[in-house]
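Here is how the chains run, residue by residue.
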Amino acid sequence: MKIIMLGAPGAGKGTQAIMISEKYGIPHISTGDIFRANIKNGTELGKKAREYMDQGLLVPDELTCDLVVDRISRDDCSKGYILDGFPRTIPQAQALDRALERMETSIDYAIDVDVPDENIVNRMSGRRACPGCGATYHVMFRAPKTEGICDECGEKLIVRADDQPETVQKRLTVYHDQTQPLIDYYDKKGILKTVDGTKHVDEVFGDITAILGE
Ligand code: ADP
Ligand code: AMP
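It should be emphasised that the depicted structure is a prediction, and the values quoted were computed from it without experimental measurement. Within each chain, residues carry numbers counting from 1 in the order of the written sequence. In the order they appear in the text, chains get letters beginning with A and ligands get numbers beginning with 1. Reporting of local features is limited, given that this is a predicted model, to residues whose pLDDT is at least 70; pairs of side-chain atoms are given and counted only at 80 or more, and all residues count toward the totals for whole chains, interfaces and linings. Computation of side-chain values covers all heavy atoms of the structure but excludes hydrogens and water.

Participant: Is there a simple way to think about the pairing of strand E3 (residues 81-84) in this case?
Facilitator: Here is the key point about a regular strand: its side chains alternate between the two faces of the sheet. Alternating residues of E3 divide into Tyr81 and Leu83 and Ile82 and Asp84, and every residue in both groups is buried. Examined bridge by bridge, strand E2 (residues 28-30) and E3 share 3 bridges and lie parallel to one another. Looking at the pairing, Ser30 lines up with Asp84 of E3. Each residue's exposure class comes from its accessible area (1.4 Å probe, protein chains only) as a fraction of the maximum for that residue type: buried when under 20%, exposed when over 50%, partly exposed otherwise. Strands here are runs of E lasting at least two residues and helices are runs of H or I lasting at least four, both read from the DSSP assignment and numbered beginning at the N terminus. Only strands that DSSP links by at least two bridges are regarded as paired with each other.

Participant: Any chance you could explain the packing of helix H5 (residues 90-102) against helix H8 (residues 181-189) here in plain terms?
Facilitator: Helix-helix packing is described using two parameters, namely the angle between the two axes and the distance between the axes. Axis angles are defined between N-to-C directions and span 0 to 180 degrees, where every axis is a line fitted to C-alpha atoms and, for a helix, only to the segment in contact. Contact geometry of H5 with H8 gives a least axis separation of 9 Å together with a crossing angle of 35°. Note on element contacts: H8 touches H5 through Pro181, Leu182, Tyr185, Tyr186 and Lys189, opposite Ile90, Ala93, Gln94, Leu96 and Asp97. All amino acids are sorted into three groups, where Ala, Val, Leu, Ile, Met, Phe, Trp, Tyr, Cys and Pro are nonpolar, Asp, Glu, Lys and Arg are charged, and the leftover types, Gly among them, are polar. By residue class, the composition of the contact of H5 with H8 is 7 nonpolar, 1 polar and 2 charged. When checking whether two residues touch, look at their non-hydrogen atoms; a contact exists if any pair is within 4.5 Å.

Participant: Honestly, the packing of aromatic side chains in this entry has me stumped. Any pointers?
Facilitator: We describe a pair of aromatic rings using the distance from one ring centre to the other and the angle between the two ring planes. Stacked, tilted and edge-to-face pairs are distinguished by plane angle, under 30 degrees for stacked and over 60 for edge-to-face with tilted covering the rest, among Phe, Tyr and Trp rings (Trp via its six-membered ring) whose centres lie within 6.5 Å. Taken as a whole and judged by the stated rule, the model has 1 aromatic pair. Sitting over the face of the ring of Tyr24, Lys23 holds its NZ or CZ atom 5.7 Å from the ring centroid. Over a ring means this: the NZ of a Lys or the CZ of an Arg is within 6 Å of the ring centre and within 35 degrees of the ring normal.

Structure representation (structure tokens):
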């Protein structure tokens, strides 16, 4: 099963993608996580990506597309995967389509986690992330068992550099300009499924599993 998660930054794509990955046993591929790991490790890619990420801008397509195509070509992706945060532009979607065509396969579902802008600022300002394992929490909606500590691996949780209010606004504008057109792109392909992302995390997951099957 090959799945794309669509939705505004902070809509809950990552939260749901991790749950889908566990239930269906397919890898969760987050381009944001890949860039953040590169920043942490001080790689050339990380240095370049950071310039854009810290401003709330998208990392250029030429730094992003090949990385994803390489990743989905690995053996662990043979039964499927969940792409979280990719594609984010029409050229990225077209590059993915070309690669999938070469591999003689296609995406099964593009799931749009729909959350209005007014909820997004709250979601991102309360987000806490684990720099160790990538788990995501929210101070009000999805608090860890011990404040500030990851339930999964015990690392200290952080506020992402790009979750500051000014950057959040910029990311939302970028989303509407560059990423939202993908909803129509996948609708035209007949694989778009929309879920109401304002519901509780478990309810959203229930709606997604109803689409994907048990
Ligand atoms: P994205 O991957 O789309 O940027 P995340 O999955 O990181 O979004 O979620 C953003 C924030 O909102 C996190 O703090 C997360 O814990 C919280 N969150 C995710 N889903 C929900 C939900 N259904 N209701 C309330 N908060 C949520
Ligand atoms: P995310 O973790 O998905 O919220 O992504 C964090 C940031 O990483 C984004 O605001 C972008 O700067 C960058 N990024 C992640 N995925 C992509 C992508 N597919 N294309 C361009 N930039 C991306």
